[in-house]
Amino acid sequence: MQCILTALKAESQPLIDHFKLIRDSTYPFPVFRNGSISLIALGVGKKNIHHRITTFYNSVQENNIQFINIGIAGGNPTSTKIGECYFLHEIKDEMSGALYYPDILVKHSLEEISLVTVENVVSNGESRYRGLVDMEASEIFNVCSSIVPLQRLAFIKIVSDHMDLKFEEIIALPISTLILNHLASIELFFIRFNRLLKEETPILSETDLEWIHNTIQELALTETQSLQLTHCAKGFRIRLERREFPEIEKISTLNKSTQKILFRKICEKLST
Amino acid sequence: MKNFQPNFSHIYIERNAMDYPLAQIALSKFPKAKFVEIEHYKDIFNRPKQHFQIQKSSMKLILAKKTAPFLYPASEMIQEYETPNVFYTTPILNCLYNCDYCFLQGMYPSGNLVIFVNENDFFKSIQEKLKNLENPLKPLVIPISYNTDLMAMENIIPITSNWIKFVRELDNLKIEIRTKSALFSSIENISPPKNVILSWTLSPLEICEKYERTAPPVHRRINSMKSAIEKGWLVRLCIDPVLLIDRWEDKYNRFITDLFREIDGKKLVDITLGVFRMNKDYFNRIRKRESRSDIYYDNYIIENGTVTPPIELRTHAMETLKKHILTIHPKMRILIWE
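Participant: Explain the overall build of chain A here, please?
Facilitator: Counting its regular elements, chain A contains 9 helices and 10 strands. A principal-axis box enclosing the C-alpha atoms of chain A has dimensions of 80 × 35 × 35 Å. Here chain A holds 272 residues, and 38% of them are scored as buried.

Participant: Would you explain the domain arrangement of chain A in this entry?
Facilitator: Interfaces are often sized by the amount of accessible area the parts lose when they come together. Domain assignment breaks chain A into domain 1 (2-198) and domain 2 (206-271). A straight line from the C-alpha centre of domain 1 of chain A to that of domain 2 of chain A covers 46 Å.

Participant: Mind showing me how you'd approach the interface of chain B and chain A here?
Facilitator: At the interface, 20 residues of chain B touch 25 residues of chain A. Broken down by secondary-structure element, the contributors of at least two residues to the side of chain B that touches chain A are strand E2 (34-38), helix H2 (42-45) and helix H3 (52-56) of chain B. Grouping the constituent residues of the side of chain B that touches chain A by class yields 5 nonpolar, 8 polar and 7 charged.

Participant: How should I be thinking about the confidence of the model for chain B in this particular structure?
Facilitator: When pLDDT is low, close inspection of the predicted coordinates is not appropriate. Scored by pLDDT, chain B has a mean of 94; 97% of the residues are at 70 or more. At the level of chain-chain contacts, confidence expressed as ipTM amounts to 0.92, with global pTM at 0.94.

Participant: Sorry, what's going on with the pairing of strand E12 (residues 270-275) of chain B here?
Facilitator: Put simply, side chains in a regular strand alternate between the two faces of the sheet. Residue and element names in this part refer to chain B. Judged by how many residues are buried, E12 sits mostly within the fold: 5 of 6 residues are covered. Note that strand E11 (residues 234-242) and E12 share 5 bridges and pair parallel. Looking at E12, one finds that Arg236 is bridged to Asp270. In this region the chain leaves E11, passes through helix H9 (residues 248-262) and returns to the parallel neighbour E12; the handedness of that crossover is right-handed. Bridge count for E12 against strand E16 (residues 334-336) is 3 bridges, and the pairing is parallel. When the bridges of E16 are listed, Thr272 appears paired with Leu335.

Participant: Explain the sheet that holds E16 of chain B here, please?
Facilitator: Residues and elements named next belong to chain B. Strand order in the open sheet formed by 6 strands is E8-E9-E10-E11-E12-E16, and the pairing between neighbours is parallel. The open sheet terminates on both sides in strands that have one partner only, identified here as strand E8 (140-143) and E16. Between one strand axis and the next, the sheet turns by 20° as a mean value, whatever way the strands run. By the bridge criterion, 5 bridges tie strand E9 (residues 173-179) to strand E10 (residues 196-201) in an arrangement that is parallel. The partner of Glu176 across the bridge, within E10, is Ile197. Packing against the sheet, helix H6 (residues 159-167) makes contact with E9 and E10, and its axis sits at approximately 165° to E9.

Participant: Would you explain unusual backbone geometry in this entry?
Facilitator: Phi is mostly negative for residues that are not glycine, and the peptide bonds are mostly trans. A cis amide bond links Ala68 of chain B to the next residue, Pro69 of chain B, at an omega of 0°. With respect to the element layout, Pro69 of chain B can be found in the loop between strand E3 (61-64) and strand E4 (72-73). The step from Asp240 of chain B to Pro241 of chain B runs through a cis peptide bond, and the omega angle for that step is 5°. Inspection of the secondary structure assignment puts Pro241 of chain B in strand E11. One non-glycine residue with positive phi stands out, namely Met163 of chain A, at about 60°. Tracing the backbone shows Met163 of chain A in the loop between strand E10 (153-161) and helix H4 (167-171). Residue Met163 of chain A is classed as buried on the basis of its 24 C-beta neighbours within 10 Å. In the Ramachandran plot, Asn172 of chain B falls in the positive-phi region, its phi being about 65° despite a non-glycine side chain. Here Asn172 of chain B is to be found in the loop between H6 and E9. When the 15 C-beta atoms within 10 Å are taken as the criterion, Asn172 of chain B is described as partly exposed.

Participant: Honestly, the packing of H9 of chain B against helix H11 (residues 311-328) of chain B in this entry has me stumped. Any pointers?
Facilitator: Any two packed helices are characterised by the angle at which their axes cross and by the distance between the axes. All names here are of chain B. Relative orientation of the contacting elements H9 and H11 amounts to 25°, with a least axis distance of 10 Å. Taken together, the axis directions place H9 and H11 in an arrangement best described as roughly parallel. The element H9 and its partner H11 pack so that their crossing is right-handed. Judged by residue contacts, Trp248, Glu249, Tyr252, Asn253, Ile256, Thr257 and Phe260 of H9 engage Ala317, Thr320, Leu321, His324, Ile325 and Ile328 from H11. For the contact of H9 with H11, the class distribution of residues is 8 nonpolar, 4 polar and 1 charged.

Conventions we followed
- Residues numbered from 1 in each chain as written.
- Chains lettered and ligands numbered in written order.
- Predicted model: local features only at pLDDT ≥ 70, side-chain atom pairs only at ≥ 80, totals over all residues.
- Helix = DSSP H or I, 4+ residues; strand = E, 2+ residues; numbered from the N terminus.
- Buried ≥ 20, exposed ≤ 12 C-beta atoms within 10 Å, placed from the backbone.
- Domains from an automatic or database assignment.
- Contact = placed C-beta atoms within 7 Å.
- Nonpolar A, V, L, I, M, F, W, Y, C, P; charged D, E, K, R; others polar.
- pLDDT = per-residue confidence, 0-100.
- Pairing = 2+ DSSP bridges.
- Right-handed = clockwise from strand over helix to strand, strands pointing away.
- Axes fitted to C-alpha atoms, helices over the stretch in contact; angles between N-to-C directions.
- Parallel < 35°, antiparallel > 145°, perpendicular 65-115°, else oblique.
- Left-handed = near helix turned anticlockwise from the far one by under 90°.

Written out as structure tokens, the structure reads:
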């Protein structure tokens, strides 16, 4: 699953329209979904980020979630162009000084840049910041990296101003158009990024895990035996990708010694 | 895989490492890379929740300045060198290759490579150590390619040749450069010093194809090794780890026989042999990371914190291979990890 994280409604709207996302009213904050793509509107600044992301994450069955922050940012006038779309390779939290580095593993067609997350809108910071500024990215990284591995985070920013506007002036900009102009490259990135999830496919499938669970129950395996069975099952699955696990012998009276014999037999079958 | 950025698409460089000649050489080799200035290499390398194996598909380069210590006591995993003065050093953290059985995937949190560019600080620490040896009558032995494959990087950064130049004039110091690379050509114009051992790790073809997929093919390693012997270098052969796969005996014996048809065994310094072994914590970490290699789902015992095949098996394996080698070269010096 890919989960887009945005701050402003004007940032969300073109993405909601493009991916045909529908509001999921089971959440007390704006969440939009369509199949394997979701969008959480976080609002401006850091305050809602932890609650909204963790609430969403805890509510979905899917463990394999990628988080992609898409939004506008202020840019240094000498190093950025208004309307340009950038991929972040460094995020600094101005308040704490913490530095975050997203893993950039997948090909993308965007320029890369660093960003500083600030507490308040910067309207005269042209010379103070070398790259971009926003008000959410560091907190998004901080929250998301505590729940998913680093390779599942990505940050895409579009320059809306040169840090010379007040908040009211920024939200009056044609933000949706800025996002719309880059939808093609954003979507291409989504496709490539999604392929990365396949690299994380666990060795054991749901069916495999069910077989292990049943075996543990039927043979009343100890914790150590259960671990051993799982290791043997993983080895079996790596060697024989498609073969079914061996059938478990049915025994009417299971005592300690028959259990041990059966367990050993299964492990042997899995190891040969 | 086309989905991934190429290796070294990004170079992270510590601000205080920028001016070192090695840093400038590395940067010049990757003009298309994105350069990101960082405060400390650990800000990248030690981040929590990295995926070692996925990162191996798109490795990044980190250029850094190492601080002391520069020398570490040698691990019990390496064969006895008959001197108490054995230390290893880490000019590079992590390896260009990604062999299934390698302990680095359990040792490091990241699949990326760190190159320490302040090589003179390494050299100074060795000069200091030489003045203060536990047993000054024995040489100081330093494997310099223990946590990496230094020679594999030689086309990117000339660390191997710089080390060779440094140690040449030093008495009572031996260095070992262990490699799977086929890049002997990158140092072949250097005249061979008497205190540098080049060690090639070789395995039977089946092992190479299954467990050493990212290393050069074995025939290219053998060619490199042959060239080094012909040019008068001290060369060690490492058949390590010996993996006790199905019909290992036939496979390794045949491999050894064939190998000695290609290289002149009499010209080897020695041979090291050892079965698969790994620190228990590294092994468990690799398992937890769901390694796709069947090596991690085999039956082992844990002995003094080391995961290894049971003693009868490994003694039998080592004896078998030793015996076979000695039938071909009765005077061969064989070092065995037991």
